[in-house]
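The chain contents come next:
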Amino acid sequence: MKGDRKMKIIKPNYNILTEISSGGVKELQHIEKIGRACYKSEDKIKDDGESAKKFVSMLIKRGHEAMIEHSSLSVKFIVDRGVSHELVRHRLASFAQESTRYCNYSIDKFDNGVTFIRPFFFKDSDINYQRWLSAMADCESAYLDLLNNGATPQEARSVLPNSTKTEITITADYREWRNFFKLRVASTAHPQMTEVTRPLLDELQMKLPIIFDDIAY
C-alpha cells in the first residue's frame, strides 16, 4: 500500500459542463428554429432573439415541451453515493459515474485515501458528527486493509458507505431537466439532494431564462 492514509471530507458540488451563450439566447433560437417548423412560421424569427424568447415561453406555457427536447445540458455532480443512487433513477438521462469497481483509492492519484461527502445536517460540535467521522475512518481503514491484503477494488468497496464521494455526469434534454428539478428541489426531496439541486436551478434560471423560470422551491 502506497503512502499514508489521508481520509478527506468535502462538501458536495456541481459543475455545468455545457457551454451556455449569454442569456441563453442561442439555445432559445435553436429551439425556435425547430419549433416554428410545426407552424411554418419561420418568417417571424428575429435575429435579436426576442422572437425566440416569446416563442419558447409560449411553448412551455402551453405544455408543448417536446420542442425543448432538442436542446440538452450536461452537469457533473460531486455527491455521496446515496444521492447518486437517486440521480440515476431519471431514466431519460444519460450517466457517466466514477466506478468504485475499478478506482483504487489507495494509490497516489487519489491521495492514498478515501474521500467522503460531509453531511451538512451534523454540526462540527455535534457528537453525531464526531461519531460519523469515526465511522468513516473505520470504513477507510477496513477498505485500505483489504486492498493491502490482496483484495481487488471491486472486492474492497463492499465496506464503503453511502457517504463515499462519487462523481456523476448527467446529460439530459431540457424537458427532462425540468422534470428533474420539479422532483429534486421540492421540500419532499432528500436534503442532501437539494443541497446541490437548488443552487444549480438558481444558476440555470440566470443562464437559461424562460426554460426554468417557472420552477420554484
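Scroll up to find the structure this text is about.
Rules used in this analysis
- Residues numbered from 1 in each chain as written.
- Predicted model: local features only at pLDDT ≥ 70, side-chain atom pairs only at ≥ 80, totals over all residues.
- Heavy atoms only, no water.
- Helix = DSSP H or I, 4+ residues; strand = E, 2+ residues; numbered from the N terminus.
- Buried < 20%, exposed > 50% of the residue type's maximum accessible area, 1.4 Å probe, protein only.
- Polar contact = N/O pair within 3.5 Å; in protein donor to acceptor, adjacent residues only side chain to side chain.
- Core = buried A, V, L, I, M, F, W, Y, C linked by side-chain atoms within 4.5 Å.
- Contact = heavy atoms within 4.5 Å.
- Phe/Tyr/Trp six-rings, centres within 6.5 Å; stacked < 30°, edge-to-face > 60°.
- Salt bridge = Lys/Arg side-chain N within 4 Å of Asp/Glu carboxyl O.
- Pairing = 2+ DSSP bridges.
- Axes fitted to C-alpha atoms, helices over the stretch in contact; angles between N-to-C directions.
- Expected span 1.5 Å × (residues − 1).
- Arc of directions from axis to C-beta.

### Some words on the side chain of Glu 140
Summarising the element assignment, Glu 140 is placed in helix 4 (residues 127–148). Judged by its relative accessible area of 5%, Glu 140 is buried. Side-chain polar atoms of Glu 140 contact the backbone nitrogen of Val 114, separated by 2.9 Å.

### What to know about unusual backbone geometry
Even without being a glycine, Asp 111 presents a positive backbone phi close to 60°. Of note, Asp 111 is situated in the loop between strand 4 (94–97) and strand 5 (115–117). Judged by its relative accessible area of 36%, Asp 111 falls in the partly exposed class. Phi at Asn 112 takes a positive value of approximately 60°, unusual for a residue other than glycine. Along the polypeptide, Asn 112 turns up in the loop between strand 4 and strand 5.

### A few points about the environment of Thr 197
Counting through the fold element by element, Thr 197 comes out in helix 7 (residues 191–207). Overall, the relative accessible area of 0% leaves Thr 197 in the buried class. At 2.7 Å, the side chain of Thr 197 forms a polar contact with the backbone oxygen of Arg 184.

### A closer look at the nonpolar core
By size, the foremost hydrophobic cluster in this structure holds 36 residues, and its most contacted members are Phe 77, Leu 87, Trp 177, Phe 181, Leu 204, Ile 211 and Phe 212. Elements represented by at least two residues in this core include exactly helix 1 (25–39), helix 2 (50–61), strand 3 (72–80), helix 3 (81–87), strand 6 (165–173), helix 6 (174–184) and helix 7. Ignoring anything within four residues of it in the chain, the contact list for Trp 177 reads Leu 73, Val 75, Phe 77, Ile 170, Ala 172, Leu 200 and Phe 212. In terms of nonpolar packing, the next biggest core, distinct from the first, is built from 13 residues, Phe 116, Tyr 129, Trp 132 and Met 136 among them.

### Examining the packing of aromatic side chains
Taken as a whole and judged by the stated rule, the model has 12 aromatic pairs. For the ring pair Tyr 105 and Phe 110, a centre distance of 4.8 Å and an interplane angle of 75° mean the geometry is edge-to-face. Neither residue differs from the other here; Tyr 105 and Phe 110 are each classed as buried. Ring centres of Trp 177 and Phe 180 lie 5.1 Å apart, and the angle between their planes is 80°; this geometry places the pair in the edge-to-face category. Taken together, the residues span about one helical turn, with Trp 177 and Phe 180 both in helix 6 at a distance of 3 residues.

### Remarks on the pattern of salt bridges
Using the criterion set out here, one finds 13 salt bridges in the structure. Close ionic contact of Arg 175 with Glu 69 constitutes a salt bridge, the shortest N to O distance being 2.7 Å. Here Glu 69 lies in the loop between helix 2 and strand 3 and Arg 175 lies in helix 6, a separation of 106 residues in the sequence. Judged by its relative accessible area of 35%, Arg 175 falls in the partly exposed class. Classification of Glu 69 by relative accessible area gives partly exposed; the value is 37%. Lys 165 serves as the salt-bridge partner of Glu 167, at 3.0 Å between the closest nitrogen and oxygen. The exposure class of Glu 167 is partly exposed, given its relative accessible area of 26%. On the basis of relative accessibility, which here comes to 14%, the residue Lys 165 falls in the buried class.

### Quick word on the sheet that holds strand 4
Judged by pairing direction, the sheet is antiparallel, and its 4 strands sit side by side in the order 2-3-6-4 without closing on themselves. Single-partner strands in this sheet number two, and they are strand 2 (13–16) and strand 4. Along the sheet, successive strands turn relative to each other by an average axial angle of 20°, direction set aside. By the bridge criterion, 4 bridges tie strand 4 to strand 6 in an arrangement that is antiparallel. Paired with Ser 94 across the two strands is Thr 171, which belongs to strand 6. Here helix 7 sits on the sheet in contact with strand 2 and strand 3, set at roughly 30° to strand 2.

### Let's talk about helix 2
With 12 residues, helix 2 should reach 16 Å at 1.5 Å per residue; the first-to-last C-alpha distance of 17 Å fits that figure. Listing the buried residues of helix 2 in full gives Ser 51, Ala 52, Phe 55, Val 56, Leu 59 and Ile 60. Down the axis, helix 2 shows its buried residues gathered within 160° of arc, on one side only. Summarising the geometry of helix 2, the exposed residues directed more than 90 degrees from the buried face are Lys 54 and Lys 61. Positive backbone phi, approximately 75°, marks Gly 63, located one or two places after helix 2.

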